[in-house]
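If you want the building blocks of each chain, they are given just below.
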Amino acid sequence: MKNSALKGALGALAVVGVALAAKKIAQRKRFMKGIFNEYGIKERSPFGLADKIREMNDEQYQELKGKFKKEFSSRCCKTNDTAEA
């Protein structure tokens, strides 16, 4: 009996993990779709994005780079810089 309860709990935990992963994937997909629409990129691939980046001036590139850093930065292991000062 104890084993089946443990398996049920682990199964429920796995379902929650898959749901969270799917939610994160959907968020990132929406972000990328927004970037493609915002910058008028017709080819929805990394190559289309790279071509657009080559056409950008430095200011536009820095803006795009900041958006990517904000969206794809890891939130789990940030250090607190103010504690060191």
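What you are looking at is a predicted structure, and each value in this text was computed from that prediction instead of being measured. (Residues numbered from 1 in each chain as written. Predicted model: local features only at pLDDT ≥ 70, side-chain atom pairs only at ≥ 80, totals over all residues. Heavy atoms only, no water.)

Colleague: Got a minute to help me understand the overall build of the chain in this structure?
Modeller: What the chain contains, in helices and strands, is 3 helices and 0 strands. Secondary structure elements in the chain, listed N-terminal to C-terminal, are α-α-α. Within the span of the chain, comprising 85 residues, buried residues form 14% of the whole. The long-range fraction of contacts in the chain, counting pairs at least 24 apart against all pairs at least 6 apart in sequence, stands at 49%. Accessible surface for the chain amounts to roughly 7200 Å². Of this, 61% is attributable to carbon and sulfur atoms. (Helix = DSSP H or I, 4+ residues; strand = E, 2+ residues; numbered from the N terminus. Buried < 20%, exposed > 50% of the residue type's maximum accessible area, 1.4 Å probe, protein only. Contact = heavy atoms within 4.5 Å. Areas by Shrake-Rupley, 256 points an atom, 1.4 Å probe, with all protein chains shown as cover.)

Colleague: Would you explain a positive patch on the surface in this entry?
Modeller: Taken together, the side chains of Lys29, Lys33, Lys42 and Arg44 define a basic patch exposed on the protein surface. As for its position among the elements, arginine 44 is in the loop between α1 (2-38) and α2 (46-55). (Patch = residues over 30% accessible without salt bridge, like charges linked within 9 Å, V, L, I, M, F, W, Y side chains within 5 Å. Salt bridge = Lys/Arg side-chain N within 4 Å of Asp/Glu carboxyl O. Lys, Arg positive; Asp, Glu negative; His and termini not counted. Charge placed at Lys NZ, Arg CZ, Asp CG, Glu CD.)

Colleague: What am I meant to see in the pattern of salt bridges here?
Modeller: Opposite charge on two side chains permits pairing when their charged atoms draw close. Under the criterion given, the structure shown has 3 salt bridges. Lysine 67 is the partner of glutamate 38 in a salt bridge, and the nearest nitrogen-oxygen pair spans 2.4 Å. In this pair, glutamate 38 is assigned in helix α1 and lysine 67 in helix α3 (residues 58-72), connecting sequence segments 29 residues apart. Overall, the relative accessible area of 24% leaves lysine 67 in the partly exposed class.

Colleague: In this structure, what is going on with the nonpolar core? I would like to understand it.
Modeller: For soluble globular proteins, the rule of thumb is that nonpolar side chains tend to be buried together. The biggest cluster of nonpolar side chains holds 9 residues, and these are Phe31, Ile35, Phe36, Tyr39, Ile41, Leu49, Met56, Leu64 and Phe68. Among the secondary structure elements, those contributing two or more residues to this core are α1 and α3. Excluding its chain neighbours within four sequence positions, the residues that come into contact with tyrosine 39 are Lys52, Met56, Gln60, Glu63, Leu64 and Lys67. (Core = buried A, V, L, I, M, F, W, Y, C linked by side-chain atoms within 4.5 Å.)

Colleague: What exactly am I supposed to notice about the side chain of serine 45 here?
Modeller: Structurally, serine 45 can be placed in the loop between α1 and α2. Under the relative-accessibility criterion, serine 45 is labelled buried at 16%. Within the local environment of serine 45, its side chain forms a polar contact with the side chain of glutamate 43, the two groups lying 2.9 Å apart. (Polar contact = N/O pair within 3.5 Å; in protein donor to acceptor, adjacent residues only side chain to side chain.)

Geometric values such as these leave the question of function open.
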